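A structural walkthrough
So you can see what is in the structure, the chains are spelled out below.
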Amino acid sequence: MSMEDIEKKWQARWREAGVFDAPTEPGEDKFYLMEMFAYPSGDVHMGHFRNYSIGDLVYRYKRMQGKKILHPFGWDSFGLPAEQAAIKRKIHPGQWTEKNIATGKSTLQALGVSYDWGREIATSRPDYYKWTQWVFVELYKMGLAYQKEASVNWCPECNTVLANEQVVAGCCWRHEDTPVQRKSLKQWFFKITDYAQRLLDDLDKLDQWPDAVKNIQRYWIGRSEGANIRFTIAETGDELPIFTTRPDTVYGVTFMAIAPEAELMKRLIARCPNRAEVEKYIANSASKSEIERVAEDREKDGMFTGLHVRNPYNGDLVPLFVADYVLAGYGSGAVMAVPAHDQRDFEFARKYGIEIKIVISPKEGVLDPVEMAEAFTLPGIMANSCGFDGQSSIEAKRAIVEFGEREGFAETAIQFRLRDWLISRQRYWGAPIPIVHCERCGTVSVPEEQLPVILPHVDDFLPKGRSPLADVPEFMNTVCPLCGGPALRDPDTMDTYVCSSWYELRYLDPRNESAPFDIAEAKKWLPVDMYIGGIEHATSHLLYFRFIAKVLFDLGYLPVDEPVVKLFNHGMVCDVNGDKMSKSKGNVISPMEIANKHGVDVSRTAMLFFAPPAHEISWNEDGMKGAERFLRKIDNFVAEGISRDRVAGALENMTPRDAELFKALNRTVKAVTGDIEGMSYNTAIARLMEFMNLISVEDMAESGIAFTIADTLARLIAPIAPHLAEELNERLGFEPFVIDRPWPSWVESLTVLDSIEIGVQVNGKLRGTIEIPTDSDKEGAMAVATQVPNIAKHLEDKKIAQVIYIRGRILNIIVK
RNA sequence: GCGAGCGUGGCGGAAUUGGCAGACGCGCUGGACUUAGGAUCCAGUGGACUAAAUCCGUGGGGGUUCAAAUCCCCCCGCUCGCACCA
């Protein structure tokens, strides 16, 4: 039977038997396995294939270990490309999406991936987004969803706002050459900052997450400890609060700086003596793109407001500048500037001739404000700081804040880099925000019984800078759920990351019409035991995913507040030259093409063998030959009609060759099991190849344990080459499925070799090898070693000073 | 610039965590079987010489150790993440 026929045969049988349907009562052996779901943008690509091959391997291995597994799949099917396709091809986004889902699904089925298709979901279908809207309403009711006017990222190409995570190097994540603009707009946010501390602290609980991801998240959350200090604007009496991590430098403040877009700036502008110039400066910086403002080589600039600020610590009066190196969205949007001890302030002061006042002296040497070439940012000894002089600056930090606390103008404070999550988008193909704006009642969330707010059919998707839904009167005009009066719907749709922030929960109970999921199902299956996907979602998806789980946990819907126990990031699949596959480069290889040519099992085995799963791989067609030969050899060796009585019994009753083979088989089972547990699939396959190199066709024809060998091999390759494994299993007379048979076990004592070859060194240089009993002692090893001519030669006329013998590893003879 | 990681044959990669560097595979060389081989099988394959012996060899330099790809220090190169977070 051809590989292709074998694949078709077993895929059909799996489907008919519903083998991958999750059990309803998984009990203690439950295992929730998830791969990141896919955006249906055409067909499955190599990256998906790798991701799902790894997941499928885990599934089959765990199943043979007796786990009761939930392994679902779905589609992250809202999003921009559907609209772009609609514009380009004049096909409705919904149609385009569903067509791609159908294609993708049939590909995954042809690849034999072990999904429970009965639980398939698609985020763009009303039975799913109804509950995405429910999630929104739950957050809204908790005060975690709110609207505010804010300076936001705007992509002129997408014609929509972007979340911070969707801005890459100052450009749009979907248009890498389009600089993001700043716009002040009223938008919906999720208050993820309320959870910043927990999201940070709980990273410590995630001991099975890659450190890389945890580090990226820690940095992204960006906790800083410092102080809030209230300065006052001399001319107006307004308070000017600032956050600083360096309260120890507060006596060195020689100017203050405020961001052009800062809330406070809007109020101050009317009071500025230099109003015209300040307004011009603000308008000018608003016109700059994010990328211009952030450019590394850009000189800092600013404009004196004409206002002055009083330092509450020493009464100093310093000028207030508006400067766009100050971030509006962090802290209060204003900073105290200490040129002597902050490099940014230093550069600014030098440019505008502002005083540089030294308040911390280095332990060695003296700073000269005129001569110094850069700010001194290290700890040191306090100076020019009233009563704090002479203290170490590290101690003074606390003392200065305490002093400010007593006087009532300062307190310790924590700041996070993390900003609230901007979730509204001015696009069509997304879940409508379930909010009604009523003139009388204000902002009202749509009651659960009125969900979903159905996305209406629209024909014109050309971006106009506002949501296409705004132009659909039938959609916009509604009645207020509270007062029944006329009201307008919110025209925006949600960021697709909202859809993917809770999808692991819908899989639990995907056809539930009265709730997003049954809490009983959540208790059965959560948390997700293993989640496999690329590392590119480290800050976005994976942070939102954790956040929403925590919110729903707080609301009592979930038994756990962290959704995923083990996270695994697989490496990318590149082309032969190591370049990223992309449509524009024209170097995309389709997994279906590969599978049609070589077979699914061969393609998978090759993919898994190329490199450890976490590594990036370069797809090299030549490398597939090894996998092909390997599987063919197994296919040939596990022949039809091997008698069932040719099984391994006691070692003493075997021929020497069989004993040798049986021990090798035991070692192989042990090694393969260990490698799979450690997700070292490439070496697991190498161990199997090694075993195949050891046995011969004659062995299989003559051996008294041929059946044991064949049976063990069939089971060992089940996670790697599942179709062939089923076929061999059937050939050996087992039924119905190899994955329902137990994973092979081994006898530990049989994995230990009787004798072992170790290297012998003289003065640390290898001079020969000896074969000795594995449990040989030092004297025994020496006795053998000294008989080896070349070793003896090096010992001649020398005095043995020391003998180092590590059992099973090395013998090192030190001579003088 | 800051943070994290990596650097091993012609190539992909192994190395029980300090103990024979190069498992396994690709490629290459030679041979067998063949009308034929881009099929299969066997053997070889880090370098310096053809063999034994010897020496060199895990980005470069130094160190610790009986012993270093592995640990420490310095340098070089690459990849990823972050980009004025006060």
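As the structure is a prediction and not an experimental result, all values here were calculated from the model.

**Focus: the protein's contact with RNA strand B**
Around RNA strand B sit 56 residues, and of these Lys300, Leu327, Arg344, Arg629 and Glu757 come closest. Within 4 Å of the protein, atoms of RNA strand B come from sugar and phosphate in 64% of cases. Contacts to RNA strand B include Arg417, whose side-chain N or O atom sits 3.3 Å from a sugar or linking oxygen. With 7 residues, the top contributor of residues to the surface near RNA strand B is helix α22 (residues 681-694). Looking at side-chain class alone, the surface near RNA strand B contains 22 nonpolar, 15 polar and 19 charged residues.

**Looking at the nonpolar core**
Membership of the largest hydrophobic core comes to 94 residues, with the highest contact counts inside it found for Met46, Leu108, Trp619 and Ile709. It is helix α2 (residues 46-64) that provides the largest number of residues to this core, a total of 9 residues. In this structure Ile709 touches Leu661, Leu665, Phe691, Ile695, Met700 and Ser703, once residues within four positions along its chain are discounted. Counting residues in hydrophobic clusters, the runner-up holds 88 residues, among them Ala196, Ile423, Val444 and Phe461.

**Re empty space enclosed by the protein**
Inspection of the entire model under this criterion finds 1 cavity of 30 Å³ or more. Quantified by volume, the largest cavity comes out at close to 70 Å³. Around the largest cavity, the lining comprises 14 residues; the ones closest to its centre are Tyr39, Pro40, Asp43, Val44 and Trp75. Counting only elements with at least two residues in the lining of the largest cavity, the list comes to α2 and α4 (93-110).

**Structural notes on the pairing of strand β14 (residues 317-323)**
With 5 of 7 residues buried, β14 lies mostly within the body of the structure. Note that strand β12 (residues 255-258) and β14 share 3 bridges and pair parallel. Bridge pairing links Ala257 to Phe321 in β14. Bridge count between strand β13 (residues 302-310) and β14: 6 bridges; the pairing is antiparallel. Note that in β14 the partner of Val309 across the bridge is Val318.

**Side note on the pattern of salt bridges**
Under the definition given, this model contains 46 salt bridges. Residues joined by salt bridges that share partners form a network here, namely Asp202, Lys205, Arg546, Lys550, Asp561 and Glu562.

**Quick word on helix α3 (residues 80-89)**
Within α3 the residues assigned to the buried category are Leu80, Ala82, Glu83, Ala85 and Ala86. Contact partners of the buried residues in α3: α4. In the segment just after α3, Lys90 is the residue with positive phi, at about 55°.

**Considerations on the packing of helix α20 (residues 624-637) against α22**
Contact geometry of α20 with α22 gives a least axis separation of 11 Å together with a crossing angle of 50°. The pairing of α20 with α22 is recorded here as oblique in orientation. Helix-helix and strand crossings are classified by hand; for α20 and α22 the assignment is left-handed. Residues Gly626, Phe630, Lys633, Ile634 and Phe637 of α20 form the contact with α22, whose participating residues are Ile685, Leu688, Met689, Met692 and Asn693. Its residues assigned to classes, the contact of α20 with α22 shows 7 nonpolar, 2 polar and 1 charged.

**Describing the sheet that holds strand β22 (residues 442-445)**
The antiparallel open sheet is built from 4 strands, whose spatial order is β22-β21-β24-β23. Edge positions in the open sheet fall to β22 and β23 (477-479), since each of these has one partner strand only. The mean inter-strand angle of the sheet, taken between neighbouring strand axes irrespective of direction, is 40°. Here 3 bridges tie β23 to strand β24 (residues 486-489), and the two strands are oriented antiparallel to one another. Bridged to Val479 within β24 is Pro486. Packing of helix α5 (residues 126-141) onto the sheet brings it into contact with β21 (435-438) and β22, and relative to β22 it is tilted by some 130°.

**Concerning the domain arrangement of chain A**
The domains assigned to chain A are domain 1 (135-191 + 421-496), domain 2 (223-416), domain 3 (638-750) and domain 4 (753-815). Relative to domain 4, the C-alpha centre of domain 1 lies at a distance of 76 Å.

**Concerning the environment of Asp575**
Along the chain, Asp575 falls in the loop between β28 (573-574) and α18 (591-598). For Asp575, a relative accessible area of 9% gives the class buried. In this structure the C-alpha to C-alpha distance between Asp575 and Ala286, which are 289 residues apart in sequence, comes to 42 Å. What Asp575 contacts, discounting residues up to four positions off in sequence, is Met581, Asn587, Ser618 and Trp619. Within the structure, Asp575 has its side chain in polar contact with the side chain of Asn587 (distance 2.9 Å).

What counts, and where the lines are drawn
- Residues numbered from 1 in each chain as written.
- Chains lettered and ligands numbered in written order.
- Predicted model: local features only at pLDDT ≥ 70, side-chain atom pairs only at ≥ 80, totals over all residues.
- Heavy atoms only, no water.
- Near = heavy atom within 4 Å.
- Polar contact = N/O pair within 3.5 Å; in protein donor to acceptor, adjacent residues only side chain to side chain.
- Helix = DSSP H or I, 4+ residues; strand = E, 2+ residues; numbered from the N terminus.
- Nonpolar A, V, L, I, M, F, W, Y, C, P; charged D, E, K, R; others polar.
- Core = buried A, V, L, I, M, F, W, Y, C linked by side-chain atoms within 4.5 Å.
- Buried < 20%, exposed > 50% of the residue type's maximum accessible area, 1.4 Å probe, protein only.
- Contact = heavy atoms within 4.5 Å.
- 1 Å grid on protein atoms, 1.4 Å probe; cavity = no way out; pocket = protein on both sides within 12 Å on 5 of 7 lines; lining within 4 Å.
- Points joined across faces, edges and corners; volume = space filled by probe spheres on them.
- Pairing = 2+ DSSP bridges.
- Salt bridge = Lys/Arg side-chain N within 4 Å of Asp/Glu carboxyl O.
- Axes fitted to C-alpha atoms, helices over the stretch in contact; angles between N-to-C directions.
- Parallel < 35°, antiparallel > 145°, perpendicular 65-115°, else oblique.
- Left-handed = near helix turned anticlockwise from the far one by under 90°.
- Domains from an automatic or database assignment.

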